[in-house]
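The primary structure of each chain is shown beneath.
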Amino acid sequence: MNDFALIGPILAAMFAAATPLLFAALGELVVEKSGVLNLGVEGMMLVGAVCGFAVAVQTGSATTGFLVAALAGAATASLFAVLTLFLLANQVATGLALTLFGVGLSALIGQGFVGIPLEGLPKLYVPGLTDLPVVGQALFGQDVMVYLAVAAVPLVHLFLYRTRAGLVLRAVGENHTAAHALGYKVLRIRFLAVLFGGAMAGLGGAFLSMDYTPMWAENMTSGRGWIALALVVFATWKPVRAMLGAWLFGGVTILQLHVQGLGIDVPSQLLSMLPYLATVLVLVLISRDVARIRLNAPACLGKLFHPDA
Amino acid sequence: MSFIRLEPRGQASKTMVYVTPLLAVALTLLSGFILFLAMGFDPLKALYSFFVAPVTSVRGVGELVVKATPLVLCAVGLAIGFRANVWNIGAEGQLTLGAITGGGLALAFYGEGGWWLLPLMVIGGAIGGAVWAAVPAFLRLRFNASEILTSLMLNYVALLLLNYLVHGPFRDPDGFAFPESRLFEADATLPVLWAGTRVHLGALFALLAVAGGWLLIARTFIGFQIKVIGLTPAAAGYAGFDQKRIVWLTLLLSGALAGIAGMGEVAGPIGQVTAGISPGYGYTAIIVAFLGRLHPVGILLAALLMALSFIGGEAAQIAMGLPKAITGVFQGMLLFFLLASDVLIRYRVRFGARRAAA
């Protein structure tokens, strides 16, 4: 009997758990569409998480916190951008460096903020609608960041496929030599894309620390940045599919928390493996179709570009 | 046009290959100086207590070797893979698996061991790490899945598995429910090589890995194939090199070495299986591999430097109350500066506007 009553809260929690993944994955999707592979998502999320949290604690303003988190994420990403775009460093190595650096830096910044509680964002309440059985809370009882993440999906889609700037960005990702020959500023466009990716990762991280948990702990993203990277592949670089993927992973995360509540006796550590194993599984399922990946992946993904060469 | 330009060199600079790591270290120290100043510490004193004080005693030098041991073992394997564009970033998980299988053998034969137990544990650790690395190899070759993401995901899975084991099957039956195993018996513990320190037999394994890695890279046909695949995969294809075999080989090898490193930690300085066996050796080994120029001898030097950042972080924490997290910041900065200055290997920096082409 109880099981049915649980579905509402589980569904609501699923959308919340999906939100940080959705922010980070949408950002990285735009970055990769411009032909850049930034493996530093985890590091940028952590820096965003700690900066947003610290500012929110000190100013008492969640809006300022999220703004600073986006700026901090973009600032971290700019390190990656300078190294890979202007100093022609290997993107894989630099992305790894960004994550290692972000883990350390966020722990350093955050050491005075461990254990401080923060009030999460207020939840929407629409009389009647929020009280609907099963879907009420999930659809009409979330906070503003959850809705923002979902709203970003059509925006990113429209930008990429319905605007001139989006077309240019995709052209740069598909063939940077041709785009350069046509007079487009390849490096400038990629720089802006990387900054956007950083800002989105920062927001995703800040959602975790300021709203979802809400508190700061070292390494609190626990691999979500990497899962977001996998989601971009899973989505075959399409925003709407990235959203479905994020919901799927939100569901797996929540499922893992509720399995024990349903009276199934499995050690908690083994259940905690589920999101990571699920990531491997979906990567395998999507990647095995080589033709499909080749058709959808930006052709210049991960390749360096030097205008004089 | 732009004031500063990069001009491609006709040939990669041999000098810069050796200069840029030193440049990166210098820039890291400079940034450390500024960072300590900004945090309100006496920067010279902080740098001294971080990078010098820890190695002013015999025990300190010994600790340096102890920390460098797993870094060398992991990084040599990773570097061979990186040379062939096989991006195994799962050394942390492979190390953890080696600790689980190697340590599991020590616990399985608790009280009934003999001279054969340690060799068995080394083999067990190597197999554990290799099996963990075989998963991304299989998934890349069979399903085209990125080994970067799969090997990384398995790090989290391995850590959770270790955590489960020390809370469950591996837990010391007389240990008052602490999440740790029994202390290993003498026949399951690596002998100390240097009295007065904790330097153990694993250090010898690390040196063997350096020598073996160098032989493989510089003196075998497989090493040549790895080099060609890394530089121009297409040429390797025309030459008929079996790229699948190289992916298998590099991943299994790096997994086995990382597994031995993990086994060496539990059978060496730790002496039991606990939930925290590595402060991130597997991740730091990535930095070590790059800093060492993907060359075994360079890796040996880079590992000692990175080991210093670990013990320096601990020492500075005790001496000056500096946060331990600063170790990670230093390590990250060092890799950043190295990658940034590496541009000097293939490009010259030119100042002034570009002359108009004739």
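Okay, so let's go over this structure. The structure presented is a predicted model; accordingly, all values stated were derived computationally and were not measured. (Residues numbered from 1 in each chain as written. Chains lettered and ligands numbered in written order. Predicted model: local features only at pLDDT ≥ 70, side-chain atom pairs only at ≥ 80, totals over all residues.)

1. Quick word on the overall build of chain A
Basically, it comes down to this: For helices the rule is a DSSP run of H or I covering at least 4 residues; for strands it is a run of E covering at least 2, with both sets numbered from the N terminus onward. Both definitions apply: the radius of gyration is a C-alpha atom measure, and the globule rule equals 2.2 Å times residues to the power 0.38. Buried residues are those with 20 or more other C-beta atoms within 10 Å of their own C-beta, exposed residues have 12 or fewer, and partly exposed residues lie in between; C-beta atoms are placed from the backbone.
Of regular secondary structure, chain A possesses 14 helices and zero strands. Listing every helix and strand of chain A by position from the N terminus yields α-α-α-α-α-α-α-α-α-α-α-α-α-α. Whereas a compact globule of 309 residues would reach a radius of gyration of roughly 19 Å, chain A reaches 20 Å, a difference of no more than 12%. By principal-axis analysis of the C-alpha atoms, chain A measures approximately 65 × 45 × 40 Å. Looking at the 309 residues of chain A, the share that counts as buried comes to 51%.

2. Comments concerning the packing of helix 4 (residues 91–108) of chain B against helix 10 (residues 243–270) of chain B
Residue and element names in this part refer to chain B. Note the following rule: Lines are fitted to the C-alpha atoms to define the axes, a helix being fitted only along its stretch in contact, and any angle between axes, read from their N-to-C directions, falls within 0 to 180 degrees. An angle below 35 degrees is read as roughly parallel, one above 145 as roughly antiparallel, one from 65 to 115 as roughly perpendicular, and any other as oblique. Handedness of each helix crossing follows the sense of rotation of the near helix against the far helix: counterclockwise by less than a right angle gives left-handed, clockwise gives right-handed. Contact definition: two residues whose C-beta atoms, as placed from backbone geometry, lie within 7 Å. By the convention adopted, Pro, Cys, Tyr, Trp, Phe, Met, Ile, Leu, Val and Ala count as nonpolar, Lys, Arg, Asp and Glu as charged, and the other residues, Gly among them, as polar.
Where helix 4 contacts helix 10, the axes come no closer than 6 Å and their chain directions differ by 55°. In terms of axis orientation, helix 4 runs oblique to helix 10. By crossing handedness, the relation of helix 4 to helix 10 is classed as right-handed. For the pair formed by helix 4 and helix 10, the contact residues are Ala91, Gln94, Leu95, Thr96, Leu97, Gly98, Ala99, Gly102, Gly103 and Ala106 on the first element and Ser254, Gly255, Ala258, Gly259, Ile260, Ala261, Gly262, Met263, Glu265, Val266 and Ala267 on the second. Of the residues in the contact of helix 4 with helix 10, the class split is 11 nonpolar, nine polar and one charged.

3. Quick look at the nonpolar core
Rules: Nonpolar core, as used here: buried Ala, Val, Leu, Ile, Met, Phe, Trp, Tyr and Cys residues forming one set through C-beta atoms within 7 Å.
In terms of nonpolar packing, the biggest core is built from 230 residues, with Val72, Cys74 and Ala75 of chain B touching the most fellow members. Once residues lying within four places of it in the same chain are set aside, the contact partners of Cys74 of chain B are Ala91, Leu95, Leu257, Ala258, Ala261, Tyr281, Gly282 and Ala285 of chain B.

4. Thoughts on the interface of chain B and chain A
Counting from both sides, the interface comprises 38 residues of chain B and, opposite them, 40 residues of chain A. Those elements giving two or more residues to the side of chain B that touches chain A turn out to be helix 5 (117–143), helix 6 (147–167), helix 11 (281–291) and helix 13 (326–341) of chain B. No other element matches helix 13 of chain B, which puts 11 residues into the side of chain B that touches chain A. Considering only residue class, the side of chain B that touches chain A consists of 28 nonpolar, nine polar and one charged.

5. Observations regarding helix 2 (residues 43–51) of chain B
All names here are of chain B. For clarity, the threshold we go by: Each C-beta atom gives one direction from the helix axis, and the arc is the one those directions make.
Taken together, the buried positions of helix 2 are Ala46, Ser49 and Phe50. Mapping the buried residues of helix 2 onto a view down its axis gives an arc of 100°, with all of them on the same face. Buried residues belonging to helix 2 abut helix 1 (14–38) and helix 12 (296–320).

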